[in-house]
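Each chain, letter by letter, is given below.
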Amino acid sequence: MDLLKEFDILKVKEKFREIILRESQHEYFKRLMSDLKDEYENNTIFPKKSDVFNAFKYRDFHEIKCVIIGQDPYYKKNEAHGLSFSICDKDIKIPSSLRNIFKELEYDLGISIPRHGDLSSWCENGVLLLNSVLTVREGFPNSHKDIGWSIFTDSIIKNLCKNRSNLVFILWGNFARKKEKLIDKNRHLIIKSSHPSGLSAHKGFFTSKPFSKTNDYLKDHLVGEIDWKIN
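Residues numbered from 1 in each chain as written. Predicted model: local features only at pLDDT ≥ 70, side-chain atom pairs only at ≥ 80, totals over all residues. Heavy atoms only, no water.

Student: So, the pattern of salt bridges: which residues are in play, and what are the values?
Tutor: The tally for this structure, following the rule as stated, stands at 12 salt bridges. Glu180 is the partner of Lys185 in a salt bridge, and the nearest nitrogen-oxygen pair spans 3.8 Å. The salt bridge involving Lys229 is made with Asp227; its shortest N-O contact spans 3.0 Å. On the basis of relative accessible area, Lys229 is assigned to the partly exposed category, the value being 44%. (Salt bridge = Lys/Arg side-chain N within 4 Å of Asp/Glu carboxyl O. Buried < 20%, exposed > 50% of the residue type's maximum accessible area, 1.4 Å probe, protein only.)

Student: How would you sum up the nonpolar core? Please name residues and give values.
Tutor: If you look at the biggest cluster of nonpolar residues, it comprises 74 residues, and the most contacted ones within it are Phe53, Trp122 and Trp149. When residues no more than four places from it in sequence are discounted, the contact partners of Phe53 are Leu4, Phe7, Val12, Ile20, Phe29, Leu134, Trp149 and Phe152. (Core = buried A, V, L, I, M, F, W, Y, C linked by side-chain atoms within 4.5 Å. Contact = heavy atoms within 4.5 Å.)

Student: Provide a residue-level description of the packing of helix H2 (residues 14-23) against helix H6 (residues 149-163), including the pertinent values.
Tutor: Running from N to C, H2 and H6 cross one another at 135°; their axes reach a closest spacing of 11 Å. Considered as vectors, H2 and H6 are oriented oblique to each other. Like other packed secondary-structure pairs, H2 and H6 cross with a definite hand, here right-handed. Taken together, the residues of H6 that come into contact with H2 (itself represented by Phe16, Ile19, Ile20, Arg22 and Glu23) are Phe152, Ser155, Ile156 and Asn159. Grouping the amino acids of the contact of H2 with H6 by side-chain chemistry returns 5 nonpolar, 2 polar and 2 charged. (Axes fitted to C-alpha atoms, helices over the stretch in contact; angles between N-to-C directions. Helix = DSSP H or I, 4+ residues; strand = E, 2+ residues; numbered from the N terminus. Parallel < 35°, antiparallel > 145°, perpendicular 65-115°, else oblique. Left-handed = near helix turned anticlockwise from the far one by under 90°. Nonpolar A, V, L, I, M, F, W, Y, C, P; charged D, E, K, R; others polar.)

Student: I'd like to hear about helix H8 (residues 210-220), residue by residue, with values.
Tutor: Among all positions of H8, only Pro210, Phe211, Ser212, Thr214, Asn215, Tyr217 and Leu218 are buried. The inward-facing, buried residues of H8 contact strand S2 (66-70), helix H4 (96-109), helix H5 (120-124), strand S5 (168-172) and strand S6 (189-193). Following H8 by one or two positions, Leu222 has its phi on the positive side, about 60°.

Student: Hey, could you go over the sheet that holds S5 for me, with residue numbers and the actual values?
Tutor: Taking strand neighbours across the sheet as the criterion, the 4 strands line up as S3-S2-S5-S6 in an open arrangement whose pairing is parallel. Of all the strands in the sheet, the pair left with one neighbour each is strand S3 (127-131) and S6. Averaged over all pairs of adjacent strands, the angle between their axes in this sheet comes to 20°, without regard to strand direction. The pairing of S2 with S3 spans 5 bridges and is parallel. In the strand pairing of S3, Cys66 is matched with Val127. (Pairing = 2+ DSSP bridges.)

Following this line, the structure appears as C-alpha cells:
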C-alpha cells in the first residue's frame, strides 16, 4: 500500500481501489511494482505516477457503461495521462488515431471535431478508457508490455464482465480484439472494427458508427446514454 500511495491510489474510486489492492497481493503485481520503481528512478516513464491509475478515478465500478480498450500510453512528453487514446495537454497536436476517432464521431453523431484531445469528459459520462498496459518508457512504444500490466488489466475486464451486465466493449484493431475472449457476449455488447490509425482506419473503422451503436444498446437495455461531446 505504501508504494501504491505514490501512484495516487487513494483517489481511485472505492470498488476499483478494492480490486487493485486485491491484485496487489499477487506475486506478479509485486514484481510489477518493483519493476516500476526501478523504471521511474532510472528512466523517463509516462504517464507520471499520479496518472497511472487515472482511468479509475472518474466513475466507480458500478457506474461504468462502456469500455474502450487501448494498447499502451503515448510515449512522448505531455501526451499520456492514463486514459486510452486521450491527450493530457490541450495544446499538443492531436495524434492521427484520435483525429480519426473525432472524424468518426462527427460522421456518426454530428458532433463537431474538438480542438483538443482530452477525453476526460467521456470518463465523467461512464466511459472507462483502459489501456492494456498502463506505463511506457519515453520514446519506446510497448516497452512495458511484458512487465505484468496485461495480467492486471485483464483482471479488471474479467471483473467487469462477471459482475456487471449490459456493458459495451469497444475493440479497435487487432490488439484490442484479442480481449474479446474475456468478454461474455451473452451479457455484454462487443463493438469491433479496424484501428483508427492512419494506416487502417479506412479498412473498417470509418462509418462503423461505434458511438451511436453504443447508445442504442444502452437505451435498449434501459441504461442512460453517453454524452459523447468533448468538453
